[in-house]
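Analysis of the macromolecular model
Residues per chain are reported as follows:
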Amino acid sequence: MKKFLLGTAALLAMGASASAADLAARPYTKAPAYVAAPIYNWTGFYIGGHVGGAFNGNNGFGGTSDNSDGRFLGGLQVGADYQFAPNWVIGVEGQYSWLGNNNTNVAFVPVVNGPVSSTYNLNQKGIASVTGRLGYTWGPALLYVKGGWAYQDVSETLVAGVAGAPIAFDGGTKKNGYTVGAGLEYLFTQNWSGKVEYQYYDFGSTTLQPAATGLATAVSSKNDTHVVKAGLNYRFNWGGPVVAKY
């Protein structure tokens with residue numbers, strides 16, 4: 001019996017050793033690599049176009065009302081942006097907008113200097129600006145403010161009602177002024193973006209003296225324009241999307 005038990009134990013030990021030898025080594029599995037999500041890159045040049053509407057400020061000569069009806073607006077823009085910090089974007093943009101028909105006509109009924117009335121006309125044909133802008137981006141969206149120099153392509157006349165001759169006046173409308181605005185831009189792809197924007201233009205005031213209008217006192221009118229527009233840009237990015245570092 002003792003020999004039988006010893007033999008059985010030996011057989012079991014040999015079987016266990018053979019089973020352990022038959023087991024394959026556990027394979028090593030490398031942890032999957034983490035792929036960082038791309039962040040849209042606003043750095044680069046762009047060109048594009050825009051359409052919208054322009055509205056005169058509600059200012060008039062001595063209680064009269066300037067034409068504040070909306071006019072069609074369309075134009076082009078070109079600019080460059082630089083993204084830093086990493087969610088801030090700084091840039092510069094130049095643009096020109098052509099305006100639809102805009103003839104502001106104001107007739108003055110004289111109270112002094114005889115019975116001859118006069119008519120004032122201002123025709124604003126286009127507006128331009130060169131602005132800096134600063135924005136904050138999250139994902140494909142960019143919220144920004146802008147401001148800088150503005151220019152208007154404008155003609156201005158004051159004509160006597162009877163003789164039909166131009167009358168000299170002082171304090172005419174300025175062609176140079178300033179502009180401020182804000183907008184939201186969205187990257188549909190790395191190279192195409194769309195935007196909606198509001199912009200305010202201020203070109204000072206026009207002053208007409210009594211000798212020119214026949215009125216008892218000098219009158220003035222502020223020349224400003226409100227613009228709402230939508231635009232599309234094509235972007236020449238530098239280096240493709242930025243990748244977040246972890």
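Refer to the preceding data block for the structure.
In short, a report on the structure. The structure displayed is predicted, hence computed values, not measured ones.

Notes on a nonpolar patch on the surface
Nonpolar side chains collect at one region of the surface, where Y82, F84, W88, I90, L134, Y136, W138, L143, V145, L184 and V196 lie side by side and expose about 1,100 Å² of accessible area between them. Elements with a contribution of two residues or more to the nonpolar patch: β3 (71–84), β4 (88–99), β6 (118–138) and β7 (141–160). Considering each element in turn, the nonpolar patch owes the most residues, 3 residues, to β6. Mapped onto the elements of the fold, I90 is located in strand β4.

Focus on the environment of K125
In this structure, K125 sits in strand β6. The partly exposed category is assigned to K125, whose relative accessible area is 39%. With 26 residues separating them along the chain, K125 and L99 place their C-alpha atoms 5.4 Å apart. In this view, K125 contacts S97, W98, L99, D153 and S155; residues no more than four positions away in its chain are not counted.

Looking at unusual backbone geometry
Residues A85 and P86 are joined by a peptide bond in cis, for which omega reads -10 degrees. Mapped onto the elements, P86 comes out in the loop between β3 and β4. You will see that A85, though not glycine, has its phi angle at about 80 degrees, which is positive. Assessed through its relative accessible area of 64%, A85 is described here as exposed.

Thresholds, definitions, all that
Residues numbered from 1 in each chain as written. Predicted model: local features only at pLDDT ≥ 70, side-chain atom pairs only at ≥ 80, totals over all residues. Heavy atoms only, no water. Patch = residues over 30% accessible without salt bridge, like charges linked within 9 Å, V, L, I, M, F, W, Y side chains within 5 Å. Areas by Shrake-Rupley, 256 points an atom, 1.4 Å probe, with all protein chains shown as cover. Salt bridge = Lys/Arg side-chain N within 4 Å of Asp/Glu carboxyl O. Helix = DSSP H or I, 4+ residues; strand = E, 2+ residues; numbered from the N terminus. Buried < 20%, exposed > 50% of the residue type's maximum accessible area, 1.4 Å probe, protein only. Contact = heavy atoms within 4.5 Å.

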